[in-house]
There are 2 protein chains.
Amino acid sequence: MKTIAHTDPTTPELATEASELRIATFRLARRLRAQRAIDTMSDGQFAVLATLKMYGPHTLGELAERERVSAPSMNRTVNCLEESGWLTRTPDEVDRRKVIIALTGEGLDVVEETVRRRDAWLESAIAALPDAKRAILRQAAGIMREVTAL
Amino acid sequence: MKTIAHTDPTTPELATEASELRIATFRLARRLRAQRAIDTMSDGQFAVLATLKMYGPHTLGELAERERVSAPSMNRTVNCLEESGWLTRTPDEVDRRKVIIALTGEGLDVVEETVRRRDAWLESAIAALPDAKRAILRQAAGIMREVTAL
DNA sequence: TATTGTTATACTCTATAACTATA
DNA sequence: TATAGTTATAGAGTATAACAATA
């Protein structure tokens, strides 16, 4: 009988399980987001720098699409980051309508410092856990990425 | 020798572990946040309704402090939610300077519908997982809450 | 003509400072 | 005098519409 799994004590209610994971995820994300190198920098600005670090230079349109934001909005964000010296605009040699946006050394430093702070906080939080719990978190991270890849 | 744990292949680098969990958490939180009942409602507005549902009525100052936002900013958010009929303002009988902000039935509906949608998305995502992976996520949720309680 | 980026303009959310009512 | 809330005003970040340059 297939419905047994539903009431089996070793596999609790799917609904409860989802709620618990939702709450835990939001709470951990909030704590992590609070750790940043430049505390005047918005999440949207940081996301652009992090994208440039991870995937290399982009055109304005590509950045806007990836961050699911309008082109004028991304243009403004890029202006701010350019003024701060964290990225550069270069006209595309082949298609002169385009501009290539790339991270500067200082921009890379900002991303790395923020990442370092977030990871340092998380490391110190999980370092104290027994190995078994750390193993759970390690496996969970993989499953969470699998789930969001759908 | 205590340092063995650090290089033991069964307990990978703490730094890698933290990074993986950070990325997975942000990604899952982002996907969850996208699910909402009223798609014109901001995260800040939803957070207020969720707080009122979870912890009951608050004064304006309490809400502002809990959400780490200025009083005028919270006042504006509360005005919007009041106009939409999702919460009520009532002068405090004892201290007439204060106003008690409480969820209406409609406000409760909005919170529950958003929570239902987020959980429905997450349920469908984890329902397909083998029991062993679901068990990992269930345990991880508990550990994540433990870590954020510090 | 179509596409890429930019400018013009407006709306929301945030903040600080000033004000009102109450303690 | 101090505190709770509100109003006034301004600074980011978002959007759509209109425009310029290039394909």
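Reading the values: the criteria
- Residues numbered from 1 in each chain as written.
- Chains lettered and ligands numbered in written order.
- Predicted model: local features only at pLDDT ≥ 70, side-chain atom pairs only at ≥ 80, totals over all residues.
- Heavy atoms only, no water.
- Least-squares fit on C-alpha atoms with pLDDT ≥ 70 in both.
- Contact = heavy atoms within 4.5 Å.
- Helix = DSSP H or I, 4+ residues; strand = E, 2+ residues; numbered from the N terminus.
- Expected span 1.5 Å × (residues − 1).
- Buried < 20%, exposed > 50% of the residue type's maximum accessible area, 1.4 Å probe, protein only.
- Core = buried A, V, L, I, M, F, W, Y, C linked by side-chain atoms within 4.5 Å.
- Near = heavy atom within 4 Å.
- Polar contact = N/O pair within 3.5 Å; in protein donor to acceptor, adjacent residues only side chain to side chain.
- Nonpolar A, V, L, I, M, F, W, Y, C, P; charged D, E, K, R; others polar.

Trainee: So, the relation of the copies chain B and chain A: which residues are in play, and what are the values?
Mentor: For the pair chain B and chain A, the best superposition has an RMSD of 0.2 Å and corresponds to a rotation of 179° with a translation of 0.1 Å parallel to the axis. What the rotation and shift describe, once combined, is the action of a two-fold rotation axis. Comparing interface residues between copies, 100% of those in chain B also lie at the interface in chain A; the contact surface is shared.

Trainee: Give a detailed account of helix 7 (residues 131–148) of chain B, specifying residues and quantitative values.
Mentor: Spanning 18 residues, helix 7 of chain B covers 26 Å between terminal C-alpha atoms, matching the ideal 26 Å at 1.5 Å per step. Taken residue by residue, helix 7 of chain B has B:Arg134, B:Ala135, B:Ile136, B:Leu137, B:Ala140, B:Ala141, B:Ile143, B:Met144, B:Val147 and B:Thr148 as its buried positions. Its buried side turned inward, helix 7 of chain B meets helix 2 (14–33), helix 6 (105–127) and helix 7 (131–148) of chain A together with helix 2 (14–33) and helix 6 (105–127) of chain B.

Trainee: Provide a residue-level description of the nonpolar core, including the pertinent values.
Mentor: In this structure, A:Leu122, A:Leu137, B:Leu122 and B:Leu137 are the most contacted members of the largest nonpolar core, which totals 37 residues. Apart from residues lying up to four places away in sequence, A:Leu137 is in contact with A:Ile126, A:Leu129, B:Leu21, B:Ala140, B:Ile143 and B:Met144.

Trainee: Give a description of the protein's contact with DNA strand C that names residues and reports values.
Mentor: Of all residues adjacent to DNA strand C, which total 23 residues, the nearest are A:Gly61, A:Asn75, A:Arg97, B:Ser70 and B:Arg97. Of all DNA strand C atoms lying within 4 Å of any protein atom, the proportion belonging to sugar or phosphate reaches 70%. One nitrogen or oxygen atom from the side chain of A:Arg89 is found 3.2 Å from a phosphate oxygen belonging to DNA strand C. Only helix 4 (60–66) and helix 5 (71–83) of chain A together with helix 5 (71–83) of chain B provide two or more residues apiece to the surface near DNA strand C. By residue class, the composition of the surface near DNA strand C is 7 nonpolar, 8 polar and 8 charged.

Read these as geometric descriptors, not functional statements.
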